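The lines below spell out each chain.
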Amino acid sequence: QTIFPKEFQEKYLVSRGIGTGVCGEVKLAFERATCKKVAVKIINKKNFPSVGTATRNAEREIEILRRIDHPCLIKTEDFYQTEDTYYIVLELMEGGELFNRVKAGHGLDEAVAKLYFYQMLMAVEYLHRNGIIHRDLKPENILLASQAKTCLIKVTDFNQSKILEGETLSRTLCGTPSYLAPEVFTRAATTGYGPSVDAWSLGVLLFVCLGGYAPFYEHPSRPSVQEQIIQGEFTMVPSKWKGISDQAKDMVRKLLVVDPSLRLSITSALQHPWLQDPAMLAQANKLMYPPQDSDTEPSHNKRPREDEEGDNG
Ligand SMILES: C/C(=N\NC(=N)N)c1ccc(NC(=O)c2cc3cccc([N+](=O)[O-])c3[nH]2)cc1
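In what follows, the accompanying structure is described.

**A word on the packing of aromatic side chains**
Logical step 1: All told, the structure shown has 13 aromatic pairs when counted by the stated rule.
Logical step 2: An angle of 20° between the planes, with centres 5.0 Å apart, marks the rings of Phe-4 and Phe-8 as stacked.
Logical step 3: Judged by relative accessible area, Phe-8 falls into the buried class, the value being 0%.
Logical step 4: Ring geometry for Phe-79 versus Tyr-86: centroids 5.8 Å apart, planes at 25°, classification stacked.
Logical step 5: Tyr-86 gets classed as buried once you look at its relative accessible area, which sits at 2%.

**Concerning helix H9 (residues 246–255)**
Logical step 1: Turning to H9, its buried residues number three or more, namely Ala-248, Lys-249, Met-251, Val-252 and Leu-255. Viewed end-on, H9 has its buried residues packed into an arc of 155°, placing them on one side of the element.

**Regarding the nonpolar core**
Logical step 1: Formed by 68 residues in total, the largest nonpolar core has its most connected members in Ile-68, Leu-98, Tyr-116, Leu-202, Leu-210 and Met-251.
Logical step 2: With 13 residues, the top contributor of residues to this core is helix H4 (residues 110–129).
Logical step 3: Aside from chain neighbours lying at most four places away, what touches Met-251 is Phe-117, Leu-206, Leu-264, Ala-269, His-272, Trp-274 and Leu-275.
Logical step 4: Counting 10 residues, the second largest nonpolar core, distinct from the first, contains Tyr-12, Val-38, Ile-42 and Tyr-80.

Calculation rules
- One numbering rule holds for all chains: residues counted from 1, following each sequence as written.
- Selection of residues for local features in this predicted model requires a pLDDT of at least 70, selection of side-chain atom pairs for listing and counting requires 80 or more, and totals for whole chains, interfaces and linings are taken over all residues.
- Working from all heavy atoms in the structure, the side-chain values ignore hydrogens and water.
- Pairing of aromatic rings covers Phe, Tyr and Trp, the last counted by its six-membered ring, and requires centre-to-centre distances within 6.5 Å; plane angles under 30 degrees mean stacked, over 60 mean edge-to-face, and any other angle means tilted.
- Only protein chains enter the calculation, and the probe is 1.4 Å; a residue is then buried if its accessible area is under 20% of its type maximum, exposed if over 50%, and partly exposed in between.
- The numbering of helices and of strands both runs from the N terminus, where a helix is a DSSP run of H or I of at least 4 residues and a strand a run of E of at least 2.
- Along the arc lie the directions from the helix axis toward the C-beta atoms.
- What is meant by a nonpolar core is a set of buried Ala, Val, Leu, Ile, Met, Phe, Trp, Tyr and Cys residues, joined one to another through side-chain atoms within 4.5 Å.
- Throughout, a contact is declared for two residues whenever any of their heavy atoms are within 4.5 Å.

Right, here's the structure in full:
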């Protein structure tokens, strides 16, 4: 049974468990002052391989959670820690994990998959623009704001995320470059990870959302999953993919490209014909940037209601 810090207990009343995370769990909680429902992600520091990386890793994640601000990225409301546990208070995502929406064995409607995928692209484009690579995009880390099909989605879990070492690189570059080796300037300077790793994962996510099954999976008569991935070997089973548009399949194929330099970038994916869909874009923008009351307030002040009843009285 998790013990919560005193100041946490004073502010929140913890209820039942809601998510099933590999590293820690998610509980429903109520903010005592407002009765507002929140989610609390409990991360025991022991999970991490060694103490050193644990705290550094977790501190980096907390720094990322504090810094990010985008409609399709989870928002942190509050944060507590004890010597062996982190408690992250987050907005409630009543639709749960995308994982549970697609595990039913068949994919989502193409229109729904497109709406979700567009939001994931926008979230990841924002991260990359801010020098953050997620590195662990998977259905468990995509949360849905409501039970409705057309809903806002949010990316979460920055445990594996990496902040591009712009600062170390820029510090290196502020000296006279004449003595620096060529590889300091090329991509190899980052530990082999470019933002393109997220594009691959989004390709796998889209494949799962459309096909309802994973492109690379363990099977006795098949090479190992790692081998399948390295070869970029996947099959779009006709029975599962009939009725899916060629443009959707084209998007998947251009993301699941082994050579990162040939893989579709996030920015190019946003330009892909499959996403040039005004209806979807309008819906996504309405979800991401819902008109606030002040925006929809007519310029003159509202007529009093009894007046309206009076009219049709
Ligand atoms: C920050 C983070 N993980 N970080 C980490 N593993 N180091 C993190 C991971 C997962 C979550 N998940 C949720 O907030 C979450 C999962 C879930 C399932 C059903 C219903 C709800 N909900 O809010 O109603 C859920 N919320 C939230 C945060």
